[in-house]
Amino acid sequence: MFRGRPFGLLKSLHFLDGHPNLAHKFIHPAITSHVHHCQKRNVDYRQSYRTGPSSAGRRTLDVPQTKVMAEQELPGVLILDIGGTHGVLENHVALLKKHFRLITMKEFLENKKEVSKKIQSVFVFECRPTIDRELLESLPNLKVIGNSGVGVDHLDVKMISNFGVKVTNTPHAVADSTADIGMALMLASARRLVEGCQIAISSDTKYFAVDWLGVEVTKATLGIIGMGSIGYKVAQRAKAFEMKILYHNRNQRKKEEEQAVGAHYCEKMEDLLQQSDFVMLVVNLTPETHKLIGKRELGLMKPTATLINISRGAVIDQDALVEALQKKVIMAAALDVTYPEPLPRDHPLLKLNNIIITPHIGTATVQAIHMMAEEAIANMLAALNGKPIPSEVFPK
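All values derive from a computational prediction rather than experimental measurement.

Definitions and cut-offs
- Residues numbered from 1 in each chain as written.
- Predicted model: local features only at pLDDT ≥ 70, side-chain atom pairs only at ≥ 80, totals over all residues.
- Heavy atoms only, no water.
- Helix = DSSP H or I, 4+ residues; strand = E, 2+ residues; numbered from the N terminus.
- Areas by Shrake-Rupley, 256 points an atom, 1.4 Å probe, with all protein chains shown as cover.
- Buried < 20%, exposed > 50% of the residue type's maximum accessible area, 1.4 Å probe, protein only.
- Polar contact = N/O pair within 3.5 Å; in protein donor to acceptor, adjacent residues only side chain to side chain.
- Contact = heavy atoms within 4.5 Å.
- Pairing = 2+ DSSP bridges.
- Axes fitted to C-alpha atoms, helices over the stretch in contact; angles between N-to-C directions.
- Arc of directions from axis to C-beta.
- Phe/Tyr/Trp six-rings, centres within 6.5 Å; stacked < 30°, edge-to-face > 60°.
- Parallel < 35°, antiparallel > 145°, perpendicular 65-115°, else oblique.
- Left-handed = near helix turned anticlockwise from the far one by under 90°.
- Nonpolar A, V, L, I, M, F, W, Y, C, P; charged D, E, K, R; others polar.
- Right-handed = clockwise from strand over helix to strand, strands pointing away.
- Expected span 1.5 Å × (residues − 1).
- Salt bridge = Lys/Arg side-chain N within 4 Å of Asp/Glu carboxyl O.

## Thoughts on the overall build of the chain
Link 1 in the chain: Looking only at helices and strands, the chain has 13 helices and 18 strands in total.
Link 2 in the chain: For the chain, the accessible surface area stands at approximately 18,800 Å², while carbon and sulfur atoms represent 52% of it.

So this is what it looks like as structure tokens:
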């Protein structure tokens, strides 16, 4: 899973270890510092998407093929930068160059008069570049903004559409990886893996306590708040653990979809909160869902329950969460997102031992990052060629 907000230092990841085809270094967009982070799914989008096997065995997106042209004939795509702290990853650059002439923000600003007319699309990577009215007014031939990621709360979709520009996102590329991190957080919290690892490696450990216990995920009740594509994939995974699955969503799923995963619809979120052993948040960040989970909602949960958030940090009232964890109103929390990101080093959430916090790594996989770029490219090419856009975002 953006408004051009400040970012911190990105981490370099190396993939070597016997895989020469992955022997490269890139900066992953998910492991980054945000003062405010970007949100996922407050949008409607069309879903027309195909995957197929690649020679490397990973899932791939079918990207429309375009006629080979000289670089100067390719449509221009504006990006913030290449590499560095905030720029597009090197492997994304290679994908983009097959179909576009890359124009960095620096190049654009240094030669606006000449370059602006060549830019027909903008590739937004980790909320950058910022799309504001001034930029839109400077790009007379802009047709589409391709967001790499699901969240578009950093984009004023209504304003952009008023300029006749399409907005797209990549909902399909992120669903599996984000559902995986949701399950990972649930299992890690239930079995106290982080705390257990610290005990196992601590120089102070003399023996392992026999009364150091976690809880089981198998046959427990999972409440999913937000049953979109990611929430549904969480339910598919939870079914394998024989979990009782409850869900709350704006709209109820089709009966056959519910039956396929054994999910039961809760029209009232309160009913889900009261019954669930694990509550997982997979919702859009909207004015309606801002601080969706606060003191009242936490108080409705079981004292043995765990709250898991894989959506956006602002969906939870963090002050209320601190109090609930300190006073054992709920047993634990596991968060892949916070507000801001990263949290200030003196934030009280960081001092608790009944919480797991990961650095927004829901889409931090080689496969997901590659597919996000492919899906964004497919969307932009469709828009430029006047064809149906697989994942178009429409203003509310």
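Read on for the rest.
## Side note on the side chain of Asp-277
Link 1 in the chain: Structurally, Asp-277 is set in the loop between α10 (269–275) and β14 (278–281).
Link 2 in the chain: For Asp-277, a relative accessible area of 19% translates into the label buried.
Link 3 in the chain: A distance of 2.8 Å separates a polar side-chain atom of Asp-277 from the backbone nitrogen of Thr-221.
Link 4 in the chain: Here the side chain of Asp-277 touches Lys-302 through a polar contact of 3.0 Å, side chain to side chain.
Link 5 in the chain: If we ignore the near neighbours within four places in the chain, the residues touching Asp-277 are Ala-220, Thr-221, Lys-302, Thr-304, Ala-305 and Thr-306.

## Some words on the sheet that holds strand β15 (residues 306–309)
Each strand in a sheet pairs with its neighbour through backbone hydrogen bonds, running either in the same direction (parallel) or in the opposite one (antiparallel).
Link 1 in the chain: The strand order β13-β12-β11-β14-β15-β16-β17 describes an open sheet built from seven strands, whose pairing is parallel. Of all strands in the sheet, those bounded by a partner on one side alone are β13 (263–265) and β17 (355–357). Sheet twist, expressed as the mean angle between neighbouring strand axes with direction ignored, is 20 degrees.
Link 2 in the chain: Bridging between β15 and strand β16 (residues 332–335) involves four bridges; their strand directions are parallel. By the bridge assignment, Thr-306 is partnered in β16 with Ala-332.

## Examining unusual backbone geometry
Link 1 in the chain: Geometrically, the link from Arg-128 to Pro-129 is a cis peptide bond, its omega value of 0 degrees lying close to zero.
Link 2 in the chain: Cis geometry marks the peptide bond from Tyr-339 to Pro-340; its omega dihedral reads 0 degrees.
Link 3 in the chain: Look at Cys-127: it is not a glycine, yet its phi comes out positive at around 75 degrees.
Link 4 in the chain: Its location among the elements puts Cys-127 in the loop between β8 (119–125) and α4 (133–137).
Link 5 in the chain: Cys-127 gets classed as buried once you look at its relative accessible area, which sits at 1%.
Link 6 in the chain: In this model, Lys-328 sits at a positive phi of 60 degrees, which is unusual for a non-glycine residue.

## Here we look at helix α1 (residues 90–97)
Link 1 in the chain: Buried within α1 we find His-92, Val-93, Leu-95 and Leu-96. Taken around the axis of α1, the buried residues stretch over an arc of 165 degrees, which confines them to a single face.

## Quick look at the packing of aromatic side chains
Link 1 in the chain: Across all of its chains, the model carries two aromatic pairs by this definition.
Link 2 in the chain: A ring pair is formed by Phe-123 and Phe-125, whose centres lie 6.4 Å apart and whose planes are at 10 degrees; its orientation type is stacked.
Link 3 in the chain: On the basis of relative accessible area, Phe-125 is assigned to the buried category, the value being 4%.
Link 4 in the chain: Taking the centre distance of 5.2 Å and the plane angle of 55 degrees together, the rings of Tyr-247 and Tyr-265 count as tilted. Of this pair, Tyr-247 sits in strand β12 (residues 244–248) while Tyr-265 sits in strand β13, and the two are 18 residues apart along the sequence.
Link 5 in the chain: Judged by its relative accessible area of 0%, Tyr-247 falls in the buried class.

## Side note on the packing of α1 against helix α13 (residues 366–384)
Link 1 in the chain: Look at α1 against α13: their axes get within 10 Å of each other, and the N-to-C directions meet at 25 degrees. In this view, α1 runs roughly parallel relative to α13, as classed from their interaxial angle. Crossing of α1 against α13: the hand is right-handed. Only Ile-369, His-370, Ala-373, Glu-374, Ile-377 and Met-380 of α13 make contact with α1, whose side of the interface consists of His-92, Leu-95 and Leu-96.
Link 2 in the chain: Taken together, the residues of the contact of α1 with α13 break down into six nonpolar, two polar and one charged.

## Considering the pairing of strand β7 (residues 101–104)
Link 1 in the chain: The side-chain alternation of β7 yields two buried faces, one formed by Arg-101 and Ile-103 and the other by Leu-102 and Thr-104.
Link 2 in the chain: This β-α-β element, strand β6 (residues 76–79) to α1 to β7, shows right-handed connectivity.

## Overview of the environment of Ile-389
Link 1 in the chain: Tracing the backbone shows Ile-389 in the loop between α13 and β18 (392–394).
Link 2 in the chain: The class of Ile-389 is buried, set by a relative accessible area of 6%.
Link 3 in the chain: Between the alpha carbons of Ile-389 and Val-167 there is a distance of 9.6 Å; along the sequence they are 222 residues apart.

## So, helix α6 (residues 171–190)
Link 1 in the chain: For α6, spanning 20 residues, the distance from its first C-alpha to its last is 28 Å, which sits close to the expected 28 Å at 1.5 Å a residue.
Link 2 in the chain: Arg-192 occupies a position one or two residues after α6 and carries a positive phi of about 55 degrees.

## Digging into the pattern of salt bridges
Link 1 in the chain: Tallied over the entire structure, the rule returns 14 salt bridges.
Link 2 in the chain: The salt bridge partner of Arg-101 is Glu-107, with a shortest N-O separation of 2.9 Å.
Link 3 in the chain: By relative accessible area, Glu-107 is classed as partly exposed at 26%.
Link 4 in the chain: Across the pair Glu-195 and Arg-192 runs a salt bridge, and its minimum N-O distance is 3.0 Å.
Link 5 in the chain: Put simply, Asp-176, Asp-180, Lys-233 and Arg-237 are held in one network by salt bridges that share partners.

## What about the pairing of strand β11 (residues 221–225)?
Link 1 in the chain: The element β11 is extensively covered by neighbouring structure, given that five of its five residues are classed as buried.
Link 2 in the chain: Here β11 shows no split at all, with Thr-221, Gly-223 and Ile-225 on one side and Leu-222 and Ile-224 on the other all buried.
Link 3 in the chain: Read as a crossover between parallel neighbours, the route from β11 over helix α8 (residues 229–240) to β12 is right-handed.
Link 4 in the chain: In the sheet, β11 pairs with β14 via four bridges, with the strands oriented parallel. Looking at β14, one finds that Ile-225 is bridged to Leu-281.

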